[in-house]
Amino acid sequence: MPDDAPTLDLLTLLPDAWQAVLTPHLDPARTAALAEFVAGEYATATVFPPVEDLFSAYRLCGPAECRVLILGQDPYHKAGQAHGLSFSVREGVSVPPSLRNVFKELGEDLGVPKPRSGNLTGWAAQGVLLLNSVLTVRQASPGSHANQGWEEFTDATIRALDALDQRVVFLLWGGYARKKAALVSNPRHVVLEAGHPSPMNPRGFLGSRPFSAANKALADAGLPTIDWERSAG
């Protein structure tokens, strides 16, 4: 790598608690290659989310606090949308179609009124890890950062959660996310699978009642449930 090439130390950008639990599950060479790729992309292209929001999900929800994981695929690729939380958008940004279906199901499942915005930081603050499988994307180019090492990084996150003694409920929506069920082997955890909430998938998500099911799984383990109505931070 040239001396003037951009650098980014991904692990040092993570909160200490996440560094500690992820490091045993990561290959150092693969993580370094991912960091080099991501640094180069931020230096030469418009990449979302902004680098300061890259690990928002991890900052807002520590491993010890995590009770639910909602797994997305990659960040929104339009300007102003992605801020480091799967499915979530910033205040004032139009709610994307998939998130509209999430809110529709939330209303039918728990009677929650339609949230005023698509900002889900309020879920994250309660222990919901809103994680994408790939954490960066080029503007207007969905999937552009796939197969560069993020998948191993976020798989390590799932493995770290699987190793916890406290129950975690894994909400896996869509074929891509459902493949990750194989990473959850600890019998104390609960995996709830459904179709993707995209309007392109008319069956399999609506009617799946994931929010009440997640809260039941938490209550069964003696854990506080999630106030799903408190989406915005």
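Structure's up top.
This write-up is about the structure you can find in this document. Just so you know, these numbers come straight off a predicted model, no measurement behind them. (Residues numbered from 1 in each chain as written. Predicted model: local features only at pLDDT ≥ 70, side-chain atom pairs only at ≥ 80, totals over all residues. Heavy atoms only, no water.)

### What to know about the layout of surface pockets
A volume near 470 Å³ is recorded for the largest pocket. Considering the residues around the largest pocket, the lining is formed by 27 residues, among which Asp74, Pro75, Tyr76, Pro96 and Ser98 are closest to the centre. Looking at the lining of the largest pocket residue by residue, the class counts come to 12 nonpolar, 13 polar and 2 charged. (1 Å grid on protein atoms, 1.4 Å probe; cavity = no way out; pocket = protein on both sides within 12 Å on 5 of 7 lines; lining within 4 Å. Points joined across faces, edges and corners; volume = space filled by probe spheres on them. Nonpolar A, V, L, I, M, F, W, Y, C, P; charged D, E, K, R; others polar.)

### Concerning helix α7 (residues 150–162)
Across its 13 residues, α7 extends 18 Å between first and last C-alpha, which sits within 8% of the 18 Å expected from 1.5 Å per residue. Most of α7 sits out of view: 11 of its 13 residues are buried. Turning to α7, its buried residues are Trp150, Glu151, Phe153, Thr154, Asp155, Ala156, Thr157, Ile158, Ala160, Leu161 and Asp162. (Helix = DSSP H or I, 4+ residues; strand = E, 2+ residues; numbered from the N terminus. Expected span 1.5 Å × (residues − 1). Buried < 20%, exposed > 50% of the residue type's maximum accessible area, 1.4 Å probe, protein only.)

### Structural notes on the sheet that holds strand β5 (residues 169–173)
Strand order in the open sheet made by the 4 strands is β3-β2-β5-β6, with parallel pairing throughout. Each of the sheet's edge strands pairs with one partner strand only, and the pair in question is β3 (128–132) and β6 (190–194). Between one strand axis and the next, the sheet turns through 20 degrees on average, direction left out of account. Pairing analysis gives 4 bridges linking strand β2 (residues 68–72) to β5, with the strands arranged parallel. (Pairing = 2+ DSSP bridges. Axes fitted to C-alpha atoms, helices over the stretch in contact; angles between N-to-C directions.)

### Regarding unusual backbone geometry
A cis amide bond, omega -5 degrees, links Phe48 with the succeeding residue Pro49. Mapped onto the secondary structure, Pro49 falls in the loop between β1 (47–48) and α4 (56–60). One non-glycine residue, Asn147, adopts positive backbone phi at about 60 degrees. Position of Asn147 relative to the elements: it lies in the loop between β4 (137–138) and α7. Classification of Asn147 by relative accessible area gives exposed; the value is 65%.

### A closer look at the state of the cysteines
Counted under the stated rule, the structure contains 0 disulfides. Of all cysteine sulfurs in the structure, the one in Cys66 sits closest to Cys61, which takes part in no disulfide; the separation is 4.2 Å. Looking at Cys61, the relative accessible area reads 1%, which means it is buried. For Cys66, a relative accessible area of 1% gives the class buried. (Disulfide = S-S within 2.5 Å.)

### Comments concerning the packing of aromatic side chains
Applying the stated criterion across every chain, the model contains 12 aromatic pairs. A ring pair is formed by Trp18 and Tyr58, whose centres lie 5.0 Å apart and whose planes are at 90 degrees; its orientation type is edge-to-face. Taken together, the positions of Trp18 in helix α2 (residues 16–22) and Tyr58 in helix α4 put the pair 40 residues apart, joining distant regions of the chain. Accessibility classification places Trp18 together with Tyr58 in one group, the buried group. For the ring pair Trp173 and Phe205, a centre distance of 4.9 Å and an interplane angle of 70 degrees mean the geometry is edge-to-face. Here Trp173 is found in strand β5, whereas its partner Phe205 is found in the loop between β6 and α9 (210–220), with 32 residues between them in sequence. Its relative accessible area of 1% is what places Phe205 among the buried residues. Here a set of aromatic residues connected by ring pairs shows up, and it is made of Phe87, Trp123, Trp173, Phe205, Phe211 and Trp228. (Phe/Tyr/Trp six-rings, centres within 6.5 Å; stacked < 30°, edge-to-face > 60°.)

### Here's the deal with the nonpolar core
Soluble globular proteins tend to bury their nonpolar side chains together. In terms of nonpolar packing, the biggest core is built from 69 residues, with Ile70, Trp123, Trp150 and Trp228 touching the most fellow members. The element contributing the most residues to this core is α7, with 6 residues. When sequence neighbours within four positions are dropped, the list of residues in contact with Trp228 reads Val68, Ile70, Leu106, Leu110, Trp123, Val128, Phe211, Ala214 and Asn215. (Core = buried A, V, L, I, M, F, W, Y, C linked by side-chain atoms within 4.5 Å. Contact = heavy atoms within 4.5 Å.)

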